[in-house]
Amino acid sequence: MIIDISEVLQTEGKEITEEVTLAMTSFASRLGDFPIQADAPFLLTIANEGNRRLLLRGHVELEAEIACARCLEEVPTSIRFDIDKELVIRDGSAFDEEMEQTDYLIGFELDADKLVCAEILVNWPMKVLCREDCKGICRVCGINLNHGTCSCQKTEPDPRMAAIQDIFQKFKELPV
Ligand SMILES: [Zn+2]
Ligand SMILES: [Zn+2]
C-alpha cells in the first residue's frame with residue numbers, strides 16, 4: 001500500500017494516521033519464501049517533527065508459516081512488533097537512524113509494504129519449533145520421528161565410531 005505523505009512532508013507539526021492494509025502475501029528472504037497473513041489492517045502514524053525529521057509509528061501483527069528447525073513441518077508463527085522510526089529527509093531522500101537511505105520512502109510516497117518488510121526481517125524469529133520436545137527427523141531415512149519410528153537407530157554403529165567411543169569411555173574412567 002502506497003501512502004501519499006506530501007502534506008505531512010510540507011507541514012511542520014503535521015501528523016496523519018493511516019489504516020494500512022498490506023498487499024503482500026508472502027515474505028521473501030534469503031532463507032526462502034514464507035507465506036504471511038495479516039490478521040487486520042494496522043494503524044501507521046506519520047508525523048512531521050520539524051527540522052526535516054519524520055516519525056513513523058505503528059504496531060504490526062502477522063502470522064507466518066515457518067518450518068520447524070528440527071522436523072521442517074510448517075508452524076504458524078505470530079510475529080508482532082512496533083514500528084518506531086525517525087527519518088531524516090535530505091535532498092528528497094529519507095535516511096534512517098543509521099543514516100542508511102531507505103527504499104520505502106521515495107519522494108512523497110511511502111510504501112508501507114516495503115517498510116513492513118524491512119521490519120519483518122529485523123523481527124524474524126531465530127528458531128521455530130513445532131513443540132518444545134520435537135523429535136526431529138531421522139538423519140538416515142528422513143522419517144518425521146514425531147509421527148512414527150524407524151529402525152535406523154537399531155542398526156549396528158559403525159565399528160570405527162565404536163572404537164572412538166571406547167576411547168572416550170576409557171578417558172571417563174580414568175581417575176582425575
Ligand atoms: Zn518439529
Ligand atoms: Zn530412520
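Located above this text is the structure these notes cover.
Read on for a plain summary of the structure. Nothing here was measured: the structure is a model prediction, and the numbers come from that model.

What follows covers the coordination of the zinc ion (ligand 1). Every protein donor of the zinc ion (ligand 1) is accounted for by Cys-68 (SG), Cys-71 (SG), Cys-130 (SG) and Cys-134 (SG), and the metal-donor separations fall at 2.3 to 2.4 Å. Coordination at the zinc ion (ligand 1) is tetrahedral: its four donor atoms span angles of 105 to 116° at the metal. All donors of the zinc ion (ligand 1) come from a single chain, and their spacing in sequence reads C-x2-C-x58-C-x3-C. With a gap of 59 residues between them, Cys-71 in the loop between strand 6 (53-67) and strand 7 (74-90) and Cys-130 in the loop between helix 2 (112-123) and helix 3 (159-173) connect regions that are remote in the sequence. By relative accessible area, which is 6% here, Cys-71 ends up buried. A relative accessible area of 33% means that Cys-130 is categorised as partly exposed.

A few words now on the environment of Phe-81. In this structure, Phe-81 sits in strand 7. For Phe-81, a relative accessible area of 5% corresponds to the buried category. Spatially, the C-alpha atoms of Phe-81 and Val-116 are 9.8 Å apart, while their sequence positions differ by 35 residues. Not counting chain neighbours up to four residues away, the residues in contact with Phe-81 comprise Gly-58, His-59, Val-60, Leu-62, Val-116, Glu-119, Ile-120 and Asn-123.

Moving on, we get to the coordination of the zinc ion (ligand 2). For the zinc ion (ligand 2), the full set of protein donor atoms is Cys-138 (SG), Cys-141 (SG), Cys-150 (SG) and Cys-152 (SG), and the range of their distances to it is 2.3 Å. Coordination at the zinc ion (ligand 2) is tetrahedral: its four donor atoms span angles of 104 to 112° at the metal. Coordination of the zinc ion (ligand 2) draws on donor residues from a single chain, spaced C-x2-C-x8-C-x1-C in sequence.

Rules used throughout
- Along each chain, residues carry numbers from 1 onward, in the same order as the chain's sequence is written.
- Going through the entries in the order they are written, you letter the chains from A and number the ligands from 1.
- Under the rules for a predicted model, residues below a pLDDT of 70 receive no local features and side-chain atom pairs below 80 are neither given nor counted, while totals for whole chains, interfaces and linings still include all residues.
- With hydrogens and water excluded, all non-hydrogen atoms of the structure serve as input to the side-chain values.
- Because no water is among the atoms considered, metal sites can look incomplete, with donors defined as N, O and S atoms within 2.8 Å of the metal, or 3.2 Å for Na, K and Ca.
- For a four-donor site, all angles between 85 and 135 degrees give tetrahedral; for four or six donors, opposite pairs above 155 degrees with the remaining angles between 65 and 115 give square planar or octahedral; all remaining cases count as irregular.
- Segments assigned H or I by DSSP are reported as helices when at least four residues long, segments assigned E as strands when at least two residues long, and all are numbered from the N terminus.
- Under the scheme applied here, a residue whose accessible area is under 20% of the maximum for its type counts as buried, over 50% as exposed, and between as partly exposed, the area being computed with a 1.4 Å probe on protein chains only.
- Throughout, a residue-residue contact means that at least one pair of heavy atoms, one from each residue, lies within 4.5 Å.

Any link to function would need more than the numbers given here.
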